[in-house]
Each structure stands twice: as C-alpha cells, then as structure tokens.
Amino acid sequence: HGFDFATQNHFYNIYIELRKGKKNMRVDDILNNFLQENCFDCHAVYDIEADSYYSIYEEEIVLGGQPDPVADKVFMKYVKELGLIGEWNINTLTFMHELSHHLTLHLLDEEEITISQEIKFFCSLESEKFGDNEDICMIYFKCPEEAIATEYAVEYLNNNYELMQKFDKELTDALNCR
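The structure displayed is predicted, hence computed values, not measured ones.

Colleague: Please clarify how the pattern of salt bridges should be interpreted in this entry.
Modeller: It is possible for side chains of opposite charge to pair when their charged atoms get near one another. The full count for this structure, using the stated rule, is six salt bridges. We note a salt bridge from Lys120 to Glu146, for which the minimum N-O separation is 2.7 Å. Within this pair, whereas Lys120 is found in helix α5 (residues 110-130), its partner Glu146 is found in helix α7 (residues 144-159), the two being separated by 26 residues in sequence. Taking relative accessible area as the criterion, Glu146 reaches 3% and is therefore assigned buried. Two residues, Glu126 and Lys129, come together in a salt bridge whose shortest N-O distance is 3.6 Å. Note that Glu126 and Lys129 are positioned in helix α5 at a spacing of three residues, about one turn of the helix. Judged by its relative accessible area of 17%, Glu126 is buried.

Dropping the structure here:
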C-alpha cells in the first residue's frame, strides 16, 4: 500500500535536504555566477559524491568531488601537450572541459558521436576488468567527443587567462574550505 501525497512530499523534501548536504552551495554559486557572467546558457552543480559529467538533456554540468588519480594525471599531461599555458587546479580544468561539451557537441557529426560512444564503452569495459591505466585514459580522452571538448577548454583558458586564473583561485579556495 502506497504513501499519501503529504507523506511522499515529506520524504521528497528530506531527500532534497540530504542532497544539499552533499553539495557545496558556495561552489555552486561560483560555478553558476561564472556561467551567467560569461553568457553561457547552462547551469552547474557541485556534488562531492559524483564523477564529473555534462548532461545534454538538462544542460547541466556536474562537477564531481571524486578524484581519479590516474585519469587526472593523464588529463593534466594531455592538456599540456595541447599547449595549455600556466598552472591550473584539476577542478577548473574539469569544469571547463565539461562546459566545453555544452559548447561543442553541435560540431560533431553522427559518425564521430558513434565512434566516441564505442570508444567510451570499450574504455569502460577495460577499466572494469583491469582498473584505470594511463593508456585506457588517453584512448578515452582522444575520442572525438572528448578531444574537441578538451581542445576548446584549453583554447578558452589560454585566450582568457587572467579571467580564468581569477576563477581558478576562487573555485580552489571554495573547494578547500568545505
């Protein structure tokens, strides 16, 4: 037998409050202020228990709080190879990469999207079997969908260096003050 509407609503409100506890509202504000001030038509949340991703359906960037030491190391090496100028917090790079998915998905054709999905599926299976390793991470980062997002992020960071260094410091400070 089911719950009445008032009880369902009560449990939903408890759920929302619990989820808020897993987020850092100051970080959410920093991310969304950046998006709004720079006229990006999407929104962002920080979730300490999630991996980072971009949801095309919700036009939402989720900046996750779950570090992946192998993937982070490979990603840092990759962005340097692409010509990234300066030193950056991995969270800033990740956020800009996810934002760049929002900005570049329309540039990919159907074949590139299909190839990307196949590569990501392969990498997921390999990671499940053997754990993350640098080769699998680099294959993932170089699939068309990921590569174009990363290239765009690097270009944006380089072309807007002072603005982005300010953002990087603000975001890093907020994440370090959980």
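Back to the write-up after that little detour.
Colleague: Where do I start with the pairing of strand β1 (residues 43-47) in this structure?
Modeller: Two faces, one strand: in a regular strand the side chains alternate between the faces of the sheet. Among the five residues of β1, four are classified as buried, and the element is accordingly described as predominantly covered. For β1 and strand β3 (residues 60-64), the ladder comprises five bridges, and the chain directions are parallel. Residue pairing across strands places Asp47 opposite Gly64, the latter belonging to β3.

Colleague: For this particular structure, what's the right way to read the packing of helix α3 (residues 69-81) against helix α6 (residues 134-141)?
Modeller: Axis angle and axis distance: for two packed helices, these are the angle between their axes and the distance between the axes, and together they describe the pair. At their nearest, the axes of α3 and α6 sit 9 Å apart, and the two run at 55° to each other. One element, α3, and the other, α6, form an angle in the oblique class. The handedness of the crossing between α3 and α6 is right-handed. Within the contact between the two elements, α3 uses Val70, Ala71, Lys73, Val74, Phe75, Tyr78 and Glu81 and α6 uses Glu134, Cys137, Met138 and Phe141. Among the residues forming the contact of α3 with α6, the class breakdown is eight nonpolar, no polar and three charged.

Colleague: Help me understand the side chain of His102, please; the structure alone is not making it clear to me.
Modeller: Summarising the element assignment, His102 is placed in helix α4 (residues 90-104). A polar contact of 2.7 Å, which involves the side chain of His102, links it to the side chain of Asp41. Not counting residues up to four positions away in its chain, the partners in contact with His102 are Asp41, Cys42, Tyr54 and Glu59.

Colleague: What is the right way to look at the packing of helix α2 (residues 25-37) against α4 in this model?
Modeller: Axis separation between α2 and α4 bottoms out at 13 Å; the angle between their running directions is 45°. Classified by the angle between their axes, α2 and α4 sit oblique to one another. Once α2 is placed against α4, the crossing between them reads as right-handed. Taken together, the residues of α4 that come into contact with α2 (itself represented by Leu31, Phe34 and Leu35) are Phe95, Met96 and Leu99. A breakdown of the residues in the contact of α2 with α4 according to their chemical character gives six nonpolar, no polar and no charged.

Colleague: How should I be thinking about the nonpolar core in this particular structure?
Modeller: General note: in soluble globular proteins, nonpolar side chains tend to be found buried as a group. Counting residues in each nonpolar core, the largest one holds 36 residues, and the members touching the most others are Leu31, Phe34, Leu35, Phe95 and Met96. Those elements giving two or more residues to this core turn out to be α2, β1, β3, α3, α4, α6, α7 and α8 (161-176). Those residues in contact with Leu31, other than ones at most four positions away along the chain, are Ala44, Val45, Tyr46, Leu63, Phe95, Phe167 and Leu171.

The rules we used
Residues numbered from 1 in each chain as written. Predicted model: local features only at pLDDT ≥ 70, side-chain atom pairs only at ≥ 80, totals over all residues. Heavy atoms only, no water. Salt bridge = Lys/Arg side-chain N within 4 Å of Asp/Glu carboxyl O. Helix = DSSP H or I, 4+ residues; strand = E, 2+ residues; numbered from the N terminus. Buried < 20%, exposed > 50% of the residue type's maximum accessible area, 1.4 Å probe, protein only. Pairing = 2+ DSSP bridges. Axes fitted to C-alpha atoms, helices over the stretch in contact; angles between N-to-C directions. Parallel < 35°, antiparallel > 145°, perpendicular 65-115°, else oblique. Left-handed = near helix turned anticlockwise from the far one by under 90°. Contact = heavy atoms within 4.5 Å. Nonpolar A, V, L, I, M, F, W, Y, C, P; charged D, E, K, R; others polar. Polar contact = N/O pair within 3.5 Å; in protein donor to acceptor, adjacent residues only side chain to side chain. Core = buried A, V, L, I, M, F, W, Y, C linked by side-chain atoms within 4.5 Å.

Purely geometric numbers; function is a separate question.
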